[in-house]
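Here is what each chain is made of, one letter per residue.
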Amino acid sequence: MKNNTHQTFSIILNSLIVILTVFASYAIFNSFEFMGHSGFAENAPHFKIFKYFTVDSNIFAGIVSLIFLIYYLTKKNKESILPKPLFLLKLAATTGVTLTMMVTVFYLGPKSDEGYFALFMNASLIMHLITPLLCIISFVFFEKTKKNSKRLSITGIIPMLLYSVFYISNIFMHLKNNKTSRTYDLYGFLDGGLQFTWIVIPLIFGITWFFAFSLLALNKKCNC
């Protein structure tokens, strides 16, 4: 009975994640603002939205949730234990949107020229807050696998690792007088100068790993 309940809630939550991801992606791609003007959508029209980790991580989370739904609908047995690859995909996706949410709440929000809550309007409300929370709840409480090992936490770093290759290389390819441009250093991580590169990069990866490790630990505690 408990296994069926877990699976039912997982299906509901993953369905919501897919629906919200599709809607939020449409809203940003078409600069559709349903909560008043926030400035974010018009700064990243059309395919330029993919330069933001927020968008990439949310779309990845939506794709993973869709894979979950397909798995649930096509599997023949009623066992709620997830295959390891599927579990790791969800860990990576949840870690990515958790990083998105936490960076927005504690770093980008306080720095926003348009005010803290401008980053929680329109599609940004979904991508910066609602979808990350749904992913966390889904992963921590309703999705489990055999032998949940702490070593699996390294998987959570992969989305940020892939994005950082693009992000960092783009910054260094567009330096002017050995200075970064906010056009390419989108989040202002190197506003203090290039000398902070070797501090910022390990810090971001360390924070990302911490989120992955914490998500795994909570998952194990709530599904023991």
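Residues numbered from 1 in each chain as written. Predicted model: local features only at pLDDT ≥ 70, side-chain atom pairs only at ≥ 80, totals over all residues. Heavy atoms only, no water.

Asker: So, the overall build of the protein chain: which residues are in play, and what are the values?
Answerer: Across its full length, the protein chain carries seven helices and two strands. Order of helices (α) and strands (β) in the protein chain, N terminus to C terminus: α-α-α-β-α-α-β-α-α. Whereas a compact globule of 224 residues would reach a radius of gyration of roughly 17 Å, the protein chain reaches 18 Å, a difference of no more than 12%. Based on the C-alpha atoms only, the size of the protein chain along its principal axes is roughly 60 × 40 × 25 Å. Among the 224 residues that make up the protein chain, the fraction classed as buried is 48%. Look at the contacts in the protein chain between residues 6 or more apart in sequence, and 76% of them connect residues 24 or more apart. Within the structure as shown, the protein chain displays about 11900 Å² of accessible surface, and the carbon and sulfur contribution to it stands at 71%. Put simply, the protein chain has 19 plus and 9 minus side-chain charges, and the middle of one group is 18 Å from the middle of the other. (Helix = DSSP H or I, 4+ residues; strand = E, 2+ residues; numbered from the N terminus. Rg over C-alpha atoms; globule rule 2.2 N^0.38 Å. Buried < 20%, exposed > 50% of the residue type's maximum accessible area, 1.4 Å probe, protein only. Contact = heavy atoms within 4.5 Å. Areas by Shrake-Rupley, 256 points an atom, 1.4 Å probe, with all protein chains shown as cover. Lys, Arg positive; Asp, Glu negative; His and termini not counted. Charge placed at Lys NZ, Arg CZ, Asp CG, Glu CD.)

Asker: Can you lay out unusual backbone geometry for me, pointing to particular residues and giving the numbers?
Answerer: Phi at serine 31 is positive, roughly 55°, even though this residue is not glycine. Along the chain, the position of serine 31 falls in the loop between helix 1 (2–29) and helix 2 (40–43). The partly exposed category is assigned to serine 31, whose relative accessible area is 33%. Notably, asparagine 122 is not glycine yet its phi reads approximately 55°, a positive angle. Structurally, asparagine 122 can be placed in the loop between helix 4 (84–111) and helix 5 (123–142). Take asparagine 122: its relative accessible area is 3%, and that puts it in the buried class.

Asker: I'd love a proper account of the packing of aromatic side chains, names of residues and values included.
Answerer: Using the criterion set out here, one finds 19 aromatic pairs in the structure. With centroids separated by 5.2 Å and ring planes inclined at 50°, the aromatic side chains of phenylalanine 23 and phenylalanine 34 adopt a geometry described as tilted. Linking phenylalanine 23 in helix 1 with phenylalanine 34 in the loop between helix 1 and helix 2, this pair joins segments that are 11 residues apart in sequence. On the basis of relative accessible area, phenylalanine 23 is assigned to the partly exposed category, the value being 33%. Chaining the aromatic ring pairs together yields one cluster made of Phe53, Tyr107, Tyr163, Phe166, Tyr167, Tyr187 and Phe189. For the cation-ring pair, lysine 90 lies above phenylalanine 68, with the distance from its terminal atom to the ring centre recorded as 4.6 Å. (Phe/Tyr/Trp six-rings, centres within 6.5 Å; stacked < 30°, edge-to-face > 60°. Lys NZ or Arg CZ within 6 Å of the ring centre and 35° of its normal.)

Asker: Can you break down helix 7 (residues 197–222) residue by residue, with the values?
Answerer: Every α-helix carries 3.6 residues per turn, so stepping three or four residues along brings you back to the same face. With 26 residues, helix 7 should reach 38 Å at 1.5 Å per residue; the first-to-last C-alpha distance of 38 Å fits that figure. Taken together, the buried positions of helix 7 are occupied by Thr197, Val200, Ile204, Phe205, Thr208, Phe211, Ala212, Leu215, Leu216 and Asn219. Looking at the buried side of helix 7, the elements it contacts are helix 4, helix 5, strand 2 (144–145) and helix 6 (158–173). (Expected span 1.5 Å × (residues − 1).)

Asker: Let's hear about the nonpolar core: which residues, and what values?
Answerer: Core analysis: the biggest nonpolar cluster contains 28 residues, and Met160, Tyr163 and Tyr187 have the highest contact counts within it. The set of elements that each furnish at least two residues to this core consists of helix 1, helix 3 (53–74), helix 4, helix 5, helix 6 and helix 7. Core analysis: the next-biggest nonpolar cluster, separate from the first, contains 25 residues, Met101, Phe139, Val140 and Leu152 among them. (Core = buried A, V, L, I, M, F, W, Y, C linked by side-chain atoms within 4.5 Å.)

Asker: Mind laying out empty space enclosed by the protein, listing which residues take part and the relevant values?
Answerer: Tallying each qualifying case throughout the model produces three cavities of 30 Å³ or more. Estimates place the volume of the largest cavity at around 300 Å³. Lining the largest cavity we find 22 residues, and of these Met160, Tyr167, Tyr187, Phe189 and Ile204 sit closest to its centre. Of all the elements in the fold, those that place two or more residues in the lining of the largest cavity are helix 3, helix 4, helix 6 and helix 7. Here the lining of the largest cavity gets seven residues from one element, more than from any other, and that element is helix 6. By residue class, the composition of the lining of the largest cavity is 17 nonpolar, five polar and no charged. (1 Å grid on protein atoms, 1.4 Å probe; cavity = no way out; pocket = protein on both sides within 12 Å on 5 of 7 lines; lining within 4 Å. Points joined across faces, edges and corners; volume = space filled by probe spheres on them. Nonpolar A, V, L, I, M, F, W, Y, C, P; charged D, E, K, R; others polar.)

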